[in-house]
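# Commentary on secondary and tertiary structure
Here's the letter readout for the chains.
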Amino acid sequence: MSLQLIPTDLPATSIDVDTLVIGLHLQELSASARAVDLASGGLITALLESGDLSAKLYSLGRLFQVPGVRARRVVTVGLGKAGELDMGKFLKVVGDTARSIRSGPGTRVASYLNEAQVPNRSAAFLSRQQAVAVLQANYRYEATVKRKPGGPGLSEWQMAGADSTDVAIGVALGQGQLRARELGNLPPNICTPAYLAKTAKELEQQFASLAVEVLDQDQMRALNMGALLGVGQGSANPPYLIIMRHQGGGDAKPFVLVGKGITFDTGGISIKPGAGMDEMKYDMCGAASVFGTMEAVARLNLPINVIGIVPAVENMPDGNSYRPGDVLTSMSGLTIEVLNTDAEGRLILCDALTYAKRFEPQALVDIATLTGACVVALGKHAHGLMGKHDDLVEELAAAGVQVHDRAWRLPLWDDYQPQLDSGFADMANIGGKNAGAITAGCFLARYTEGQRWAHLDIAGTAWDEGRKGSATGRPVPLLTEWLLRQAGQG
Ligand code: BES
Ligand code: MN
Ligand code: ZN
C-alpha cells in the first residue's frame with residue numbers, strides 16, 4: 001500500500017499538504033472551518049453567503065490559494081445539519097471526498113473531517129471509520145487491467161484529531177475489507193479453489209498469529225464430506241477445505257466463521273441462464289469475507305481465538321457432475337436428495353459446518369451468497385440474517401448498525417422446515433418457490449443443531465451489479481466490529 005494514513009495535531013491553517021479537507025455543517029462552522037475563515041478574512045462565510053460554497057450534505061467545493069492557509073487548495077464538503085449526520089452519511093462524505101481528490105492533482109491530503117458531529121459516535125470511532133473509508137475510496141481493481149485508468153491515487157491522508165492507535169485499527173480493518181474485495185473481483189479462471197488455498201498459505205506466512213491447514217479431496221473423502229465433494233466432482237479444478245486459525249485467546253473457545261467459496265457457479269447440470277452468469281465469479285464472496293476478516297483480526301492481533309473455514313469448490317456441468325436426483329451423504333450422516341444442482345452453496349456449507357463442530361465454537365457464523373430470493377426480499381442494502389439464538393443474532397445486527405454494514409433478520413421458524421421434505425432422502429436441497437432465503441437457512445439449521453449459530457445471506461450485498469460493478473467487501477465491517485466487541489475493543 002503506497003497510501004499512508006497518519007494522525008496529525010497541526011492546525012488546519014499551517015499544515016503543509018497539497019489539499020486540505022474541511023467539513024461544513026449547516027448553521028455552525030467546525031473548528032477548522034472557523035480557523036480557515038478567520039485566517040482568510042472571512043472567505044468561507046462570504047462564499048457560503050454568496051452560494052459559491054454549500055454546507056448541504058455531500059456538496060463539494062474547491063478553493064485555491066486561500067489567504068492565510070498553507071495548503072495549496074482547500075476542499076470543502078457539506079455535512080448538512082449537525083444532528084442529522086449518521087454513520088452511513090459520514091462514510092459517504094469521506095468516500096466522496098477522497099474519490100474527488102484521488103485522480104489528482106494534490107494527492108497529499110490533510111483531513112479535518114473528524115470534527116463532523118455524528119450522534120453516538122466517538123471521535124476515536126470516527127478516526128477508525130475515516131481510515132476505512134479512505135482506503136476503500138482509493139481502491140481500484142488492477143490485477144488484470146493492463147492500461148491503468150485514472151490518476152495516481154492518494155499518496156498521503158493525514159487525519160486531524162485522531163490518535164495513532166485508532167488510525168492503525170482503521171487501517172487493519174480497511175486492509176481486511178480490501179482483501180475481500182480483491183479476492184471477490186479476481187476472475188474465476190485465476191481465483192480457483194487452489195488459488196484460495198494458496199492465498200491462505202500466504203496469509204499464514206505473513207501473520208505470526210495465523211496457522212493454516214488445507215484439506216484436499218482425499219482428506220475430505222476420508223471425512224465423508226459427500227455433499228461438498230458431490231458439488232465439486234464436475235470441475236477440473238479440485239476442491240479444498242481451507243482452515244485458518246488465529247490464536248490470540250489462549251484456551252478460550254473460538255469464534256468460527258464459515259464462508260461459501262464457490263469460485264464459479266454455473267448452476268451445474270441445472271445450468272443458469274447465460275445473461276449475467278459472469279457475476280457468479282462473486283459466489284465466493286462469503287469466503288472472501290472470511291479471508292478479509294481473518295486478515296484484519298491478525299493485523300489487530302485480537303486477544304481472542306478466531307477460526308475461518310472456507311469450502312472452496314467450483315460448480316460446473318460435466319460428464320462427471322452430480323445431477324438432479326442424486327442422493328448425497330453428508331459428513332453428518334444425513335442424506336440429501338439433489339433436486340437442483342444450482343442449490344450448491346448449502347451442500348458445501350453443511351459439510352463445512354459439520355466440520356466446524358470439532359472446534360467447539362462459542363459462536364458459529366456462516367456467510368454466503370446463498371439465494372437470489374434474499375436479493376428479492378432485501379435488495380442490495382441489507383444482508384439477510386437468520387438464527388435461533390436471539391442474543392447472537394442481536395449482537396451481529398448491532399455490530400452492523402454501528403459500522404453501517406447492516407443486516408436484517410428473517411425468521412427461521414421450524415414451520416418452514418417441511419418444505420425440505422424428500423421421499424428419497426432425509427431432506428431435499430431446495431424448498432420450493434416460497435421463502436427461498438429462509439428454506440436455505442432451514443437447511444443449514446439442520447447441520448448446526450445445538451450450536452450457537454447464525455447465518456448471513458450476502459447474495460445482494462457482496463457486490464455491485466453491472467459491467468463496472470465490483471465486490472463491496474461486505475460484511476467484513478460487520479464481522480470485524482463484532483469481533484472487536486468480543487475482544488473488548490469495540
Ligand atoms: N449463488 C447462487 C445465489 C445467487 C443468485 C446469489 C443470484 C446472487 C445472485 C446460488 O447458488 C443459487 O444458485 N441459488 C439458487 C437456489 C435455488 C435453486 C433454490 C437461487 O437462488 O436461484
Ligand atoms: Mn447456485
Ligand atoms: Zn451459488
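Residues numbered from 1 in each chain as written. Chains lettered and ligands numbered in written order. Predicted model: local features only at pLDDT ≥ 70, side-chain atom pairs only at ≥ 80, totals over all residues. Heavy atoms only, no water.

## Brief notes about the domain arrangement of the chain
Segmentation of the chain into domains returns domain 1 (4–153) and domain 2 (172–486). A separation of 37 Å is found between the C-alpha centroids of domain 1 and domain 2. With both sides pooled, the region where domain 1 packs onto domain 2 buries about 1300 Å², and carbon together with sulfur makes up 59% of that total. On the domain 1 side of the contact with domain 2, Gln136, Tyr139 and Tyr141 bury the most area, a combined 39% of that side's loss. Connecting domain 1 to domain 2 are 6 residue pairs in polar contact (both at pLDDT 80 or more). Contributions of two or more residues to the side of domain 1 that touches domain 2 are made by helix H3 (87–102) and helix H4 (123–138). Counting residues per element, the side of domain 1 that touches domain 2 draws most heavily on H4, which supplies 6 residues. (Domains from an automatic or database assignment. Buried area = accessible area lost by both parts, 1.4 Å probe. Polar contact = N/O pair within 3.5 Å; in protein donor to acceptor, adjacent residues only side chain to side chain. Helix = DSSP H or I, 4+ residues; strand = E, 2+ residues; numbered from the N terminus.)

## Digging into the coordination of the manganese ion (ligand 2)
The protein atoms donating to the manganese ion (ligand 2) are Asp265 (OD), Asp342 (O), Asp342 (OD) and Glu344 (OE), with metal-donor distances spanning 2.0 to 2.2 Å. Classification of the site at the manganese ion (ligand 2) rests on its 6 donor atoms, whose angles at the metal span 71 to 168°, yielding the label irregular. Within one chain, the residues donating to the manganese ion (ligand 2) are spaced in sequence as D-x76-D-x1-E. Between the manganese ion (ligand 2) and the zinc ion (ligand 3), a separation of 3.1 Å is found, and both are coordinated by Asp265. Of this pair, Asp265 sits in strand E10 (residues 261–265) while Glu344 sits in the loop between strand E13 (335–337) and helix H10 (345–356), and the two are 79 residues apart along the sequence. Just as Asp265 is buried, Glu344 falls in that class too. (Donors = N, O, S within 2.8 Å, 3.2 Å for Na, K, Ca; no water. Tetrahedral: all angles 85-135°; square planar, octahedral: opposite > 155°, others 65-115°. Buried < 20%, exposed > 50% of the residue type's maximum accessible area, 1.4 Å probe, protein only.)

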